[in-house]
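Now for the letters of each chain:
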Amino acid sequence: SSDDDIAPPGLPEGRSGISFEIGFAGQGGLKTATDKDFKTTWKPGDEIGLFAVKHGTALQSSGNSIHNMRVIYDGTDWDGAYWPNDENKTENLDFYAYYPYDVAMTDPTAHTFSVKADQRDTEYNKSDLLLAKAVNQSKGSTVSLTFSHAMSLVQVEVKREVNVPHFDADDFTVTLTNALPDASLSWSGNLTGTGTATDIVMHKVEGLNNTYRALVPAQTLEVDSKVTFEQNTPGKKIDMEYQGIKSAALTAKNAHKYSVTLGWGIDPNHEYAVGDVYPHIGPAIGIVYWVDPASSGKHGKVVGLEENGGARWNDGDYDTGANDMNNGLNNMKKVREYISSQSKNWMNFPLFAWVHSMNDANEDYSDTDTK
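First, a word on what this report is: a plain description of the structure on this page. (Residues numbered from 1 in each chain as written. Predicted model: local features only at pLDDT ≥ 70, side-chain atom pairs only at ≥ 80, totals over all residues. Heavy atoms only, no water.)

**A look at the sheet that holds strand β11 (residues 182-184)**
Working step 1: If you trace the three strands from one edge of the open sheet to the other, you get β6-β11-β12, paired in antiparallel fashion. Here the strands that pair on one side only, and so sit at the sheet edges, are β6 (112-114) and β12 (193-194).
Working step 2: Across three bridges, β6 lies against β11 in antiparallel orientation. Bridging across to β11, Thr112 finds its partner in Ser184. (Pairing = 2+ DSSP bridges. Helix = DSSP H or I, 4+ residues; strand = E, 2+ residues; numbered from the N terminus.)

Rendered as structure tokens:
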């Protein structure tokens, strides 16, 4: 997390600071703030922990030349670290570093890292364990640390059928169930999940439609593991689960993507007649009033069950291009594009705003599963 009021500690008298060059391995892969494209960047206030031993010697449980020293990123440089005042100052050092910093890491050879059970907001970053190692570093040189993600990332994109209520970030919860949350720290090999299986509330990814992520140690999920979805708002409720993730092998340092469509299993080949409810399964959203005679009942038009009386099309003279007499989805897309290009908002188009309120706030009307 980022705290503006945290300042790096001053250097002890007579000690020289360590200059760092710190980056990430595989920038095409998985960040303390991992963005929608899996690019990793540091943020001001990020803290790493640092250990160092004389080159060629093993990291010890205590008494290392540098032992869990806190180093803080100020947005430009890494501050707070200094070279140890060993008796033999010519000895080169091997460095071990980790993120996020933990003041309680007293023994780097026997430490258990645990991901957060609720990874919404900043708790997601606190679950993103990063490790780095740099050997044979001489005093006064720039220490180059290349961090790698130690966890496995699970990503779930959630879509919906037309008769499933749209998802609001504040009332929609996605949870990965029965995942091992713990791992014994290792500076050379991959971390493997241990501990008691628990449920992990997933993090919503900013900039992606209804996409959620969780970080867990490498493991193979048990057959009863699944992803669950819950939404509770007045008049709307979703309580579903996705079994397709069961028995999945989640490897370390990799992202594993899943796509889920929530609904009641609408059959795209179902044949409708005038007067039928639409869709044919689950909560109805409309009544079929016209069927294309050339489609054998598979294509037609539906009048919605919700009605808006008296709303205006717009509050001015706008040329939006929303003039499709057969496909309202095209009209919604035209209005959205006009709003974006002309610095308008949905409320300039009250009737379109009413329709938009039935969908997700960031809906762009590029998919066919929208209203």
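After presenting the structure, the write-up continues.
**What about the packing of aromatic side chains?**
Working step 1: Following the criterion strictly, the structure yields 18 aromatic pairs and no others.
Working step 2: Geometrically, the ring pair formed by Tyr98 and Tyr101 is stacked, given 6.4 Å between the ring centres and 15° between the ring planes.
Working step 3: By relative accessible area, Tyr98 is classed as buried at 1%.
Working step 4: Summarising the aromatic geometry, the rings of Trp313 and Phe352 are spaced 5.7 Å apart at their centres and angled 55° between planes, so their arrangement reads as tilted. Here the residue Trp313 occupies a position in the loop between β23 (300-304) and α1 (328-342), and Phe352 occupies one in helix α2 (residues 350-356), the gap between them amounting to 39 residues. (Phe/Tyr/Trp six-rings, centres within 6.5 Å; stacked < 30°, edge-to-face > 60°. Buried < 20%, exposed > 50% of the residue type's maximum accessible area, 1.4 Å probe, protein only.)

**A word on unusual backbone geometry**
Working step 1: A cis geometry characterises the amide bond from Tyr99 onward to Pro100, with omega recorded as 0°.
Working step 2: Take Pro100: it is sitting in the loop between β5 (93-99) and β6.
Working step 3: Phi is positive for Asn68, close to 55°, though the residue is something other than glycine.
Working step 4: Judged by its relative accessible area of 9%, Asn68 falls in the buried class.
Working step 5: Phi at Lys253 takes a positive value of approximately 65°, unusual for a residue other than glycine.
Working step 6: If you trace the backbone, Lys253 turns up in the loop between β19 (249-250) and β20 (255-262).

**Section: α1**
Working step 1: With 15 residues, α1 ought to run about 21 Å at 1.5 Å a step, and its terminal C-alpha atoms sit 21 Å apart, in line with that.
Working step 2: Buried residues of α1: Leu329, Asn331, Met332, Val335, Tyr338 and Ile339, and no others.
Working step 3: Measuring from the side-chain oxygen of the N-cap residue of α1 to the backbone nitrogen of Leu329 gives 2.9 Å; that N-cap residue is Asn327.
Working step 4: A positive backbone phi angle near 55° is found at Ser343, which sits one or two residues after α1. (Expected span 1.5 Å × (residues − 1). Polar contact = N/O pair within 3.5 Å; in protein donor to acceptor, adjacent residues only side chain to side chain.)

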